[in-house]
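Residues per chain, in single letters:
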Amino acid sequence: MTVPQSPDVHQSVSPSSIPITKLELQPGAAPGVDNIPLVDLDLLKTGNPEDEKQFYDALRSALFDYGFLYIKGAITQDDIEEAIGAAKTFFALPLATKLLLDARDDPHFRGYMHLCGEVTQFKSNLRENLDFGFDEAEVTDPSAPLWQRVLEGPNRWPDPALLPNFRAPIERYFTTCHTTSLLLFRHIVRILGCSESHIQRLFVDNPPFLFAKLAFYPALSEEEERNQPEGFVQGIGPHRDAGSWLTLLVQDEPGLQVQRHDGTWLDAPPVPGTIVANIGLPLELFTHGAARATTHRVDTRQIRRGRTSLPYFLMPNFSTPLSQLPLSSLLAAGVPVDKRFVTDADSSWNGEELRDLGERWMLNRTKQYPEVAKKYWPELVEKYGVK
Ligand SMILES: O=C(O)CCC(=O)C(=O)O
Ligand SMILES: [Fe+2]
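Residues numbered from 1 in each chain as written. Chains lettered and ligands numbered in written order. Predicted model: local features only at pLDDT ≥ 70, side-chain atom pairs only at ≥ 80, totals over all residues. Heavy atoms only, no water.

**Student:** Tell me about the overall build of the protein, and please be specific about residues and values.
**Tutor:** Check the secondary structure of the protein and you find 12 helices and 15 strands. Burial analysis of the protein (387 residues in total) assigns 56% to the buried set. Counting only contacts in the protein whose residues sit at least 6 apart along the sequence, the fraction spanning at least 24 positions is 80%. Total accessible area on the protein stands at roughly 16000 Å², and carbon and sulfur atoms take up 54% of it. (Helix = DSSP H or I, 4+ residues; strand = E, 2+ residues; numbered from the N terminus. Buried < 20%, exposed > 50% of the residue type's maximum accessible area, 1.4 Å probe, protein only. Contact = heavy atoms within 4.5 Å. Areas by Shrake-Rupley, 256 points an atom, 1.4 Å probe, with all protein chains shown as cover.)

Okay, here's the thing in structure tokens:
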């Protein structure tokens, strides 16, 4: 475990004077699972100031204490099941059919990544992925920013003759996530005491960068389970989301775990009719460490039948110039900017990264899909020293 270097606001405080914060339910926060706050969008529709207060208390606690939340009022359980059901039909296809969309044949890190083809913290993840961005033309102009040439491109959709009820529900789900994440961000900006123009600049003036995926985590066989009676089996290893400001997902089985700030792990199982959301590193940096990019992982030992999750990552356009919010305005808004915590994820960000998030995302993708990077972007593999 390591205590990450925190942004410059912490430098005047000696590490020993900073307590490790425990996850505890804050007064006023609505109870979610095991105290992870539940943020209920319907509370904003009643016109009752008490309800509005409850909404903002829960969101504050989610931002500053947990880095995780459940969102209610954004999607129905029927729509969750429809999207997860569609994803399951893809993962149930024969391997040879899935490999028609092989991400290893796609220079832009899109398409199907086979089981264990993705790496987190130098170890393979026991999951399969189908990765998407906005459907875009490939950028071949050598004068375009490298991130654009590396990351933009067309999506890879399964043949509609094979899966006629796939693309529509998946696109509908991603649209719900996009709308919900922007809505949530609007409320976060209010809590941070900064103006609505931030939303405009971050997510409207330039089209946001989209990253989304369908993920499938197989269960262990009985024999594998006998060999792994305890410990952690890496569905996805401990990490903090590197590119996204907010990550939203729905899931159909337990397995997701959230690292408490004392280093222990808390389960974040599915709750019907809710989306799970978490804060990513750019938002943490943007807020001088106040909003927490909490470490999380998936433990395959909790999975019984095969777990599907549909993560959606909200990112601003990488050409938007960014810097941290003024510390004075955060302090004036009562934002707590003086915390440290324990993480099993490797993270050595210091705030400078906000200036070039495209670079960070290329680094992340190179580490996650080394097979793709080695084939198409050897210069990145060399630059980042990826094995
Ligand atoms: O599948 C999950 O629940 C977690 C996925 C995740 O953390 C990620 O893809 O960044
Ligand atoms: Fe994640």
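Moving on from the coordinates now.
**Student:** Could you give an account of the coordination of the iron ion (ligand 2), with specific residues and numbers?
**Tutor:** Coordination angles at a metal have ideal targets, namely 109.5 degrees for four tetrahedral donors and 90 or 180 degrees for six octahedral donors. Taken together, the protein ligands of the iron ion (ligand 2) are His-239 (NE2), Asp-241 (OD) and His-296 (NE2), with distances of 2.1 to 2.2 Å. If you list the donors of the iron ion (ligand 2) from N- to C-terminus, the spacing comes out as H-x1-D-x54-H. Of this pair, Asp-241 sits in the loop between β8 (234-239) and β9 (246-249) while His-296 sits in strand β13 (residues 296-299), and the two are 55 residues apart along the sequence. By relative accessible area, His-296 is classed as buried at 6%. (Donors = N, O, S within 2.8 Å, 3.2 Å for Na, K, Ca; no water.)

**Student:** How would you sum up the nonpolar core? Please name residues and give values.
**Tutor:** In this structure, Phe-90, Leu-151, Phe-166, Phe-185, Leu-214, Trp-245 and Leu-246 are the most contacted members of the largest nonpolar core, which totals 91 residues. The next biggest cluster of nonpolar side chains, apart from the first, holds 16 residues, and it includes Leu-38, Ala-215, Val-298 and Ile-303. (Core = buried A, V, L, I, M, F, W, Y, C linked by side-chain atoms within 4.5 Å.)

**Student:** Can you lay out the pattern of salt bridges for me, pointing to particular residues and giving the numbers?
**Tutor:** Inspection of every chain in the model, using the stated rule, returns 21 salt bridges. The network of salt bridges with shared partners includes Glu-118, Arg-127, Asp-131, Lys-213 and Arg-365. (Salt bridge = Lys/Arg side-chain N within 4 Å of Asp/Glu carboxyl O.)

**Student:** Outline the packing of helix α2 (residues 77-91) against helix α5 (residues 167-191), listing residues and values.
**Tutor:** Where α2 contacts α5, the axes come no closer than 9 Å and their chain directions differ by 130°. Judged by the angle between their axes, α2 and α5 are oblique. The handedness of the crossing between α2 and α5 comes out as left-handed. Contact residues: α2 offers Glu-82, Ala-83, Ala-86 and Ala-87, while α5 offers Pro-169, Ile-170, Arg-172 and Tyr-173. Across the contact of α2 with α5, the residue classes tally to six nonpolar, no polar and two charged. (Axes fitted to C-alpha atoms, helices over the stretch in contact; angles between N-to-C directions. Parallel < 35°, antiparallel > 145°, perpendicular 65-115°, else oblique. Left-handed = near helix turned anticlockwise from the far one by under 90°. Nonpolar A, V, L, I, M, F, W, Y, C, P; charged D, E, K, R; others polar.)

**Student:** Which residues make up the site of ligand 1, and what are the values?
**Tutor:** The full set of residues close to ligand 1 is Arg-127, Tyr-217, Ile-236, His-239, Asp-241, Leu-249, Leu-256, His-296, Val-298, Arg-307, Ser-309 and Phe-313. The side chain of His-296 places a nitrogen or oxygen atom 3.0 Å from an oxygen atom of ligand 1. In this structure, an oxygen atom belonging to ligand 1 sits 2.7 Å away from a side-chain N or O atom of Arg-307. For ligand 1, the accessible surface in isolation is 300 Å², of which the surrounding protein chains cover 96%. For the shell around ligand 1, the secondary-structure elements that each account for two or more residues are β8, β13 and β14 (307-309). (Near = heavy atom within 4 Å. Polar contact = N/O pair within 3.5 Å; in protein donor to acceptor, adjacent residues only side chain to side chain.)

**Student:** Residues and numbers for the sheet that holds β13, please.
**Tutor:** A sheet is described by the order of its strands in space; here four strands give the open sequence β8-β13-β10-β11, paired in antiparallel fashion. With one partner strand each, in any of the chains shown, β8 and β11 (265-267) form the two edges of the open sheet. Adjacent strand axes in the sheet meet at a mean angle of 30° when their direction is disregarded. Judged from the three bridges that link them, β8 and β13 form a sheet pairing that is antiparallel. Its bridge partner lying in β13, Gln-234 is registered against Asp-299. (Pairing = 2+ DSSP bridges.)

**Student:** Go over the packing of aromatic side chains, please, and point to the residues and values.
**Tutor:** This structure, assessed with the given rule, holds 14 aromatic pairs. Between Phe-90 and Phe-91 the ring centres are 5.3 Å apart and the planes differ by 75°, which places this aromatic pair in the edge-to-face class. Like Phe-90, the residue Phe-91 is buried in the burial classification. Relative to Phe-174, the ring of Tyr-173 has its centre 5.7 Å away and its plane inclined at 50°; by these criteria the two rings are tilted. A relative accessible area of 3% places Tyr-173 in the buried class. Here the aromatic cluster, defined as three or more aromatic residues joined through ring pairs, consists of Phe-90, Phe-91, Tyr-112, Phe-132, Trp-157, Phe-166, Tyr-173, Phe-174 and Phe-216. The lysine or arginine in question, Arg-297, covers the ring of Phe-232, its NZ or CZ lying 4.1 Å from the ring centre. A cation over a ring is seen here: Arg-297 above Trp-265, with NZ or CZ 4.0 Å from the ring centre. (Phe/Tyr/Trp six-rings, centres within 6.5 Å; stacked < 30°, edge-to-face > 60°. Lys NZ or Arg CZ within 6 Å of the ring centre and 35° of its normal.)

**Student:** Describe in detail helix α1 (residues 49-66), supporting the description with residues and values.
**Tutor:** Across its 18 residues, α1 extends 24 Å between first and last C-alpha, which sits within 8% of the 26 Å expected from 1.5 Å per residue. Of the positions making up α1, those classed as buried are Asp-51, Phe-55, Tyr-56, Asp-57, Ala-58, Leu-59, Ser-61, Ala-62, Leu-63, Phe-64, Asp-65 and Tyr-66. Of the residues that open α1, the one with a side-chain oxygen 2.8 Å from the backbone nitrogen of Glu-50 is Asn-48. Gly-67 sits one or two positions beyond α1 and adopts a positive phi of about 75°. (Expected span 1.5 Å × (residues − 1).)

**Student:** Account for the environment of Tyr-112, naming residues and giving values.
**Tutor:** Within the secondary structure layout, Tyr-112 lies in strand β3 (residues 111-113). As for Tyr-112 and Glu-128, which are separated by 16 residues in sequence, their C-alpha atoms are 7.4 Å apart.

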